[in-house]
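For reference, the chains in residue letters:
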Amino acid sequence: MQQRITLTSLYKMKEKGEKIVEITAYDYPFAKITDESGVHVILVGDSLGMVVQGESSTLPVTMDEMIYHTRIVSKAVKHAMVIGDMPFMSYQADISAAIANAGRFLKEAGASAVKLEGGASVSRLIKAITEASIPVQAHIGLTPQSVHQMGGYKVQRDEERLLADALEVEAAGAFSVVLEGIPPDIAQKITNALKIPTIGIGAGPHCDGQVLVIHDLLGLRDGHVAKFVKKYADIRTQAADAVKAYVSEVQSGDFPAKEHCY
Ligand code: KIV
């Protein structure tokens, strides 16, 4: 049987130059598929808001919704590390609320770590949460919870600031850091400068690992997808074709056939 992925496994992978594979999941069936397919980390992302709940940003997602989805994902996962994503305003306003909310992901939802967005500005929160024995994955660069402050979902290119943010979150105790929407050469410099693994999304090939939103890589979303996404399947078209065939067969009387009857 495969061992459970721990922080130590991820540190060793960075040391050996083995790529870390992270993916999002929000429910039991996809969590089971991703875990059984060999990913190392399953993130219950607050991208939930956009890919499952039909919101136009991640901002409306609540703590209770994140706990519900993280709990059902955790039930399915035997091998990967499960990380719960702290939603907007569950950590920014108050340090003790941040610790309590992070704790809920471990206590009520079966996660073994949390993720939160921000660099130097949240390093005191990362320190407080890790001191409460809750591992934290940081997330810098394009941070979707700051969409209004960034003026949209924009690639981040301020090398000095990005490097400073990365070093600060590492010093605060983060066990890894997501680099989102960063040019590959900057992501490479950050990856070389840090002891902890970097996980890229729209940050090029030099990161210690990659993360993608499962709905993007399976082709489950309609509308615009980001340049960094590779669609490994077109499940949306397949699902629509299957449902159309069902509609047509019910209407024609071809379904149910003899073999579907008792
Ligand atoms: O919410 C999310 O899914 C994320 C990943 C894209 C890193 O933050």
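Residues numbered from 1 in each chain as written. Predicted model: local features only at pLDDT ≥ 70, side-chain atom pairs only at ≥ 80, totals over all residues. Heavy atoms only, no water.

Considering the sheet that holds strand β1 (residues 20-24)
Pairing in this closed barrel of 8 strands is parallel, and the strands run β1-β2-β3-β4-β5-β6-β7-β8 around the ring. On average, adjacent strands in this sheet sit at an angle of 25° to one another, irrespective of strand direction. Here β1 pairs with strand β8 (residues 209-212) via 4 bridges, running parallel. From the neighbouring strand, E22 faces β8, where its bridge partner is V211. Where helix α8 (residues 159-172) meets the sheet, it contacts β5 (136-141) and β6 (176-180), and its direction lies at approximately 170° from that of β5. (Pairing = 2+ DSSP bridges. Helix = DSSP H or I, 4+ residues; strand = E, 2+ residues; numbered from the N terminus. Axes fitted to C-alpha atoms, helices over the stretch in contact; angles between N-to-C directions. Contact = heavy atoms within 4.5 Å.)

Focus on the pattern of salt bridges
One pass over the full model with this rule turns up 10 salt bridges. When the shortest N-O distance is used, the salt bridge between D64 and R104 registers 3.0 Å. Here D64 is found in helix α4 (residues 63-76), whereas its partner R104 is found in helix α5 (residues 95-107), with 40 residues between them in sequence. Residue K189 is joined to E159 by a salt bridge in which the shortest nitrogen-to-oxygen separation is 3.1 Å. In this pair, K189 sits in helix α9 (residues 184-193) while E159 sits in helix α8, placing the two residues 30 residues apart along the sequence. Exposure remark for K189: the relative accessible area of 42% places this residue in the partly exposed category. Note on E159: relative accessible area 31%, which makes it partly exposed. Connected through shared salt-bridge partners, D64, R104 and E108 make up one network. (Salt bridge = Lys/Arg side-chain N within 4 Å of Asp/Glu carboxyl O. Buried < 20%, exposed > 50% of the residue type's maximum accessible area, 1.4 Å probe, protein only.)

A word on the domain arrangement of the protein chain
Examined at the domain level, the protein chain breaks down into domain 1 (7-231) and domain 2 (235-262). Centre-to-centre, using C-alpha coordinates, domain 1 lies 39 Å away from domain 2. (Domains from an automatic or database assignment.)

Looking at the packing of aromatic side chains
Applying the stated criterion to the full structure yields 1 aromatic pair. Pairing Y246 with F255 gives two aromatic rings, centres 6.0 Å apart and planes at 65°, and the pair type is edge-to-face. (Phe/Tyr/Trp six-rings, centres within 6.5 Å; stacked < 30°, edge-to-face > 60°.)

Observations regarding the site of the ligand
Near the ligand you find T24, L43, G45, D46, S47, D85, K115, H139, I201 and V213, and these make up its full shell. One of the side-chain nitrogen or oxygen atoms of D46 is found 3.0 Å away from an oxygen atom of the ligand. K115 has a polar side-chain atom sitting 3.0 Å from an oxygen atom of the ligand. Residues that form the shell around the ligand fall into these classes: 3 nonpolar, 4 polar and 3 charged. (Near = heavy atom within 4 Å. Polar contact = N/O pair within 3.5 Å; in protein donor to acceptor, adjacent residues only side chain to side chain. Nonpolar A, V, L, I, M, F, W, Y, C, P; charged D, E, K, R; others polar.)

Observations concerning the environment of A257
Here A257 shows up in the segment after α11 (235-252). Here the alpha-carbon distance between A257 and E18, two residues 239 residues apart in the chain, equals 51 Å.

Section: the packing of α5 against helix α6 (residues 123-131)
Between two packed helices, what matters for the description is the angle formed by their axes and the separation of those axes. Running from amino to carboxyl end, α5 crosses α6 at an angle of 50°, the nearest separation of the two axes being 9 Å. If you check the angle between α5 and α6, you find them oblique. Regarding α5 and α6, the two cross each other, and that crossing is right-handed. In this structure, α5 uses I95, A98, I99 and A102 to contact α6, whose residues at the interface are R124, L125, A128 and I129. When the residues that make up the contact of α5 with α6 are grouped by side-chain class, the tally is 7 nonpolar, no polar and 1 charged. (Parallel < 35°, antiparallel > 145°, perpendicular 65-115°, else oblique. Left-handed = near helix turned anticlockwise from the far one by under 90°.)

Examining the environment of A113
Here A113 shows up in strand β4 (residues 113-115). For the pair A113 and A164, spaced 51 residues apart in the sequence, the C-alpha separation amounts to 23 Å.

Points about α9
Buried within α9 are the following residues: I186, A187, I190 and T191. Projected onto a plane normal to the axis of α9, the buried residues spread over an arc of 140° and lie on a single side. (Arc of directions from axis to C-beta.)

Details of the pairing of β6
Counting buried positions along β6 yields 5 of 5 residues, so the element is predominantly enclosed. Taking every second residue as pointing to the same face, both faces of β6 are buried, with S176, V178 and E180 on one and V177 and L179 on the other. As paired elements, β5 and β6 share 5 bridges and run parallel to each other. Paired with I140 across the two strands is L179, which belongs to β6.

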